[in-house]
Amino acid sequence: MDFILSEEQQMIKKTFAEYSVNEIAPVAEEIDNKSLFPREILKKMAELDIFAILLPPAFGGLGRQRVDFLLAVEEIAKGSASVAACLSASTAASFCILAFGTDEQKNKYLPSLANGEMLASFALAEPGGGANWTQTTSTRAVLDGDSYVINGSKVFISNAGEAGVYIVVARTDPAKGPGGISAFIVEKDTPGFSIGTVEKKLGLRGDPTAELLLDNCRVPKQNMLGQEGDVMKIAFANGGLDCAGQAAAAVGLAQAALDETKTYVKERTVVAPSTLANIDVVQSTITEMAIAVESARYYNYGSVMPPEKPGMDPRPLMAAIQAKEMAIDVTGKAITLLGGYGCTIDFPLERYFRDAKTLFMAPPAMTMIKSIIGKILLGVPLGPPPKK
Ligand SMILES: Cc1cc2nc3c(=O)[nH]c(=O)nc-3n(C[C@H](O)[C@H](O)[C@H](O)COP(=O)(O)OP(=O)(O)OC[C@H]3O[C@@H](n4cnc5c(N)ncnc54)[C@H](O)[C@@H]3O)c2cc1C
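Nothing here was measured: the structure is a model prediction, and the numbers come from that model. (Residues numbered from 1 in each chain as written. Predicted model: local features only at pLDDT ≥ 70, side-chain atom pairs only at ≥ 80, totals over all residues.)

Focus on the domain arrangement of the protein chain
Cut-off, in case you're wondering: An automatic or database domain assignment supplies the residue ranges for each domain. The contact criterion used here is simple: two residues whose C-beta atoms, placed from the backbone, lie within 7 Å are in contact.
Partitioning the protein chain into domains gives domain 1 (7–119), domain 2 (121–228) and domain 3 (232–378). Contact with domain 2, which involves 13 residues of that partner, is made by 13 residues of domain 3.

Okay, structure coming up:
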């Protein structure tokens, strides 16, 4: 595996690093404080082709590799993990339309997703539970003539209210268990579709997380994404890419925490003329933090290489677990090294820590996903244990 960046990849990294330092970082605190959706920033990022990066040229995309996307997300997250989270969620949902959509669906939605005119969102979690959704999904889609009528609600949906198109998961056949759950493309202006409560969150406050209400929401039957019962494949496709994007966001924000800490410990005099940087345990902690960030970064790049065998690839999920746990640990260590100042809003570390914990809680549910990965690695069925 070759991790030396090509000239083009170095250019992508540099472009978004500069954009992040000059345009995102200066407003990151305001985005967080006021829970502001970073509309203008996303618009400018669209001009830098960030939404086009993975989509094929036939739909206005650049058809680049997933690693290129991760390079950009990492740099963006150094400025604001909220911005990176909006981007990752939209890109992953767009990718589902690319992977499972009909030609008509792809032609209709992908060009405006590629040029950033429209954002996408993936709506799976419900008030009755998100982790065990294969059992608990209660949103129903019933075929009525040439359309499906969808009723139910979703919670914690990223980009809610800002996205133009939503992939909504709903049960089409209650008798078939997970095989009776399907996905639908729902446009934001569809009658019967509305946005409910917007959550006030611990972190990632710039990425709106809200309720979707579906009240006799009628969509043409051509809006089904993939085939009836395809939801597991679609959720894995969305999760795979969103996980890699979230892992890159975790790496980016942890790198920002490490950089901030290095600057601080070199400036903070403890017993003159010694600074914190002259103390052994501080030096060792900086080393531990750097190893953790680097490991998560390269593990994430490796996780998006094409799998050796087709099928459900658990590697992006494994990389996301490592990166998200790492970001909580590294941002926590950063706060410790800053002492009392680390807990104040005078430094961005408390924001990084809150964003890291919130990123950990973003889908898929991490404790649940560990058990699913274990099942894949062991080759045992994904469902509950066999009964006598
Ligand atoms: C910032 C953020 C963004 C989000 N964005 C989206 C989005 O765009 N789309 C979307 O559909 N959802 C989104 N979610 C929701 C997320 O998918 C759910 O929060 C998640 O699936 C867990 O569901 P829950 O909150 O209902 O927790 P519950 O299902 O009630 O679970 C609570 C805890 O118990 C654990 N748990 C539950 N059952 C098991 C089990 N059987 N084995 C092991 N552990 C278990 C879970 O992992 C979790 O930690 C977002 C959440 C956050 C915080």
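Side note on the site of the ligand
Put simply, the rule is: Each residue receives a C-beta atom built from its backbone; the residue is near a molecule or strand if that atom lies within 6 Å of it. Secondary structure is summarised from DSSP: a helix means a run of H or I of at least four residues, a strand means a run of E of at least two, and numbering begins at the N terminus for each. Only Asp, Glu, Lys and Arg are considered charged, only Ala, Val, Leu, Ile, Met, Phe, Trp, Tyr, Cys and Pro nonpolar, and every remaining residue, Gly among them, polar.
Around the ligand, 23 residues are found, and the nearest of them are Leu-124, Gly-130, Ala-131, Pro-363 and Ala-365. Only strand 1 (120–123), strand 3 (147–158), helix 10 (349–361) and helix 11 (366–378) provide two or more residues apiece to the shell around the ligand. Sorting elements by how many residues they give to the shell around the ligand places helix 11 first, with 4 residues. When the residues that make up the shell around the ligand are grouped by side-chain class, the tally is 15 nonpolar, 8 polar and no charged. Looking at the shell around the ligand, you find at least three residues from each of domain 2 (121–228) and domain 3 (232–378).

Comments concerning the packing of helix 4 (residues 81–100) against helix 7 (residues 231–267)
Our working definition: Angles here are taken between N-to-C directions and fall from 0 to 180 degrees, while the axes themselves are lines fitted to C-alpha atoms, restricted in helices to the stretch in contact. Note on angle classes: values under 35 degrees are labelled roughly parallel, values over 145 roughly antiparallel, values of 65 to 115 roughly perpendicular, and the remainder oblique. When the near helix sits turned anticlockwise from the far one by under a right angle, the crossing is termed left-handed; a clockwise turn instead gives a right-handed crossing.
At their nearest, the axes of helix 4 and helix 7 sit 8 Å apart, and the two run at 155° to each other. Here helix 4 lies roughly antiparallel to helix 7, going by the angle between them. Note on packing geometry: the crossing formed by helix 4 with helix 7 is right-handed. Contacts between helix 4 and helix 7 involve Ala-81, Ala-84, Ala-85, Ser-88, Ala-89, Thr-91, Ala-92, Ala-93, Phe-95, Cys-96, Ala-99 and Phe-100 on the former and, on the latter, Ile-234, Ala-237, Asn-238, Leu-241, Asp-242, Gly-245, Gln-246, Ala-249, Gly-252 and Leu-253. Class assignment of the residues belonging to the contact of helix 4 with helix 7 gives a composition of 15 nonpolar, 6 polar and 1 charged.

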